[in-house]
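# Per-entry structural report
These are the residues of each chain, in order.
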Amino acid sequence: MKLGIVGLPNVGKSTLFNALTQTQAAEAANYPFCTIEPNQGKVGVPDGRLATLAQLAGSQKIIPTQITFVDIAGLVKGASKGEGLGNQFLSHIREVDAIIHVVRCFENGDVTHVDGSVDPLRDIDTIETELMLSDLERAEKHQVKIAKLAKSGDKDAKEAEAVLSAVLAALGQGKPARTIPDDLKAHHFFHDLQMITGKPVLYVANVGEAEATTGNAHVTKVQHFATGQGSGVVMIAAAIESEIAQLPEDEKEVFLTELGLSESGLSRLIRASYDLLGLMTFFTVGPKEARAWTLRRGAKAPQAAGEIHTDFEKGFIRAETIAYNDYIVCKGEAAARDAGKLRTEGKEYVVQDGDVMHFLFNV
């Protein structure tokens, strides 16, 4: 699963990416287009349950589940027509599963803004417009081909034409492709279209260090806008997060406490990103390792087995499952089994977030 970090130049994308990946892989500089190729970094998803399970099981290793962030260079007005290497950057966005839209909500005369002033709603509109124009051009290219196939009586083409008509109507009204009806979004043709504005969006309001806990009027505007769009907002001071990321683990909590923060903004962002993709976590626990695995909500036991190894899914027989709370209350697998909390589940079992699982398979 990949999330693309987008926004105008100089809004804090690369600073945020560096903090997320705890590297300096993306050059953070005070000029546009300092990021020319998209940087990628895998990030562990914070989950306190994993350490608790490891402690109870005496696991030697702890392995969190991960998601991938992609730092995409700053877009500018005219990107859909190739301005500022826009075509190249837009193609990178099409390849991600969801979008993290970083919006500048801090005032700093030392950090230039491409439009000369800080206005988060104007900035959001600039990016959204370019993404919609790019999608519109792409959809129109498909329209002629699909129309010809539909006239010939091709059933799949007729279904695709209905999806395409809805997409074109939405974009023509200045609305993103994700606003079309859910049944049309579920069609495989919509996925094949790779509409950028069809992807879920999470807004990151990047504030100054002094506003890390209080926010400001800019953040309020972004929150109001996002609510109207059905999207979420995470407020972060990217500069502070970058500092925290470089600290030793034992110093991070002290630093956060001094700032009046209960946890890092990055932890909140990662969890929100995870939720944005409709993901959940199941666990495998033993003396060698306690490990978290990523799974889409609503997935069944064989699919969970397949996350570990494709052979597990092909030869799936059954799953032994303990709910996380039962595992904790019983203080481990053996006691949970004795208490009748270990369940045997078949192919139709819908995995629940936090399930501790063992798979039996035959290949």
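What you are looking at is a predicted structure, and each value in this text was computed from that prediction instead of being measured.

Right, let's get into the overall build of the protein chain. Helix and strand counts for the protein chain come out as 15 helices and twelve strands. Computed over the C-alpha atoms, the radius of gyration of the protein chain is 23 Å, within 12% of the 21 Å expected from 2.2 N^0.38 for a compact globule of 363 residues. Seen through its C-alpha atoms, the protein chain measures out along the principal axes to roughly 65 × 65 × 35 Å. The contacts in the protein chain between residues at least 6 apart in sequence include a share of 69% that link residues at least 24 apart. Of the roughly 17300 Å² of accessible surface on the protein chain, a fraction of 50% belongs to carbon and sulfur atoms. Taking the average location of the 37 positive side-chain charges in the protein chain and that of its 48 negative ones, the two points are 7 Å from each other.

On to the packing of helix α1 (residues 13-21) against helix α9 (residues 238-245). The contact between α1 and α9 brings their axes to 8 Å, and the two run at 25°. Here α1 is positioned roughly parallel relative to α9, judged by the angle of their axes. Judged by the twist between their axes, the crossing of α1 over α9 is left-handed. Taken together, the residues of α9 that come into contact with α1 (itself represented by Thr15, Leu16 and Ala19) are Ala238, Ala239, Glu241, Ser242 and Ala245.

To continue, consider the nonpolar core. By size, the foremost hydrophobic cluster in this structure holds 54 residues, and its most contacted members are Leu16, Leu20, Phe69, Ile93 and Leu269. One finds Val167, Ala170, Phe190 and Met195 within the second-largest nonpolar core, a separate group that totals 18 residues.

In this structure, Glu107 sits in the loop between β5 (98-104) and α4 (120-151). The exposure class assigned to Glu107 is exposed, which follows from its relative accessible area of 58%. Not counting the four nearest positions on each side in its chain, Glu107 is found in contact with Val118 and His218. Of note is the side chain of Glu107, whose polar atom sits 3.1 Å from the side chain of His218.

Here we take up the sheet that holds strand β2 (residues 39-44). In space, the six strands of this open sheet follow the order β2-β4-β1-β5-β6-β7, with mixed pairing throughout. Because the sheet does not close on itself, it has two edges, and the strands there are β2 and β7 (232-236). On average, adjacent strands in this sheet sit at an angle of 25° to one another, irrespective of strand direction. As paired strands, strand β6 (residues 201-206) and β7 are joined by five bridges and run parallel to one another. Along β7, the bridge assignment pairs Val204 with Val234. Across the face of the sheet, α1 comes into contact with β1 (2-6), β2, β4 (66-71), β5, β6 and β7 while running at roughly 45° to β2.

Definitions and cut-offs
- Residues numbered from 1 in each chain as written.
- Predicted model: local features only at pLDDT ≥ 70, side-chain atom pairs only at ≥ 80, totals over all residues.
- Heavy atoms only, no water.
- Helix = DSSP H or I, 4+ residues; strand = E, 2+ residues; numbered from the N terminus.
- Rg over C-alpha atoms; globule rule 2.2 N^0.38 Å.
- Contact = heavy atoms within 4.5 Å.
- Areas by Shrake-Rupley, 256 points an atom, 1.4 Å probe, with all protein chains shown as cover.
- Lys, Arg positive; Asp, Glu negative; His and termini not counted.
- Charge placed at Lys NZ, Arg CZ, Asp CG, Glu CD.
- Axes fitted to C-alpha atoms, helices over the stretch in contact; angles between N-to-C directions.
- Parallel < 35°, antiparallel > 145°, perpendicular 65-115°, else oblique.
- Left-handed = near helix turned anticlockwise from the far one by under 90°.
- Core = buried A, V, L, I, M, F, W, Y, C linked by side-chain atoms within 4.5 Å.
- Buried < 20%, exposed > 50% of the residue type's maximum accessible area, 1.4 Å probe, protein only.
- Polar contact = N/O pair within 3.5 Å; in protein donor to acceptor, adjacent residues only side chain to side chain.
- Pairing = 2+ DSSP bridges.

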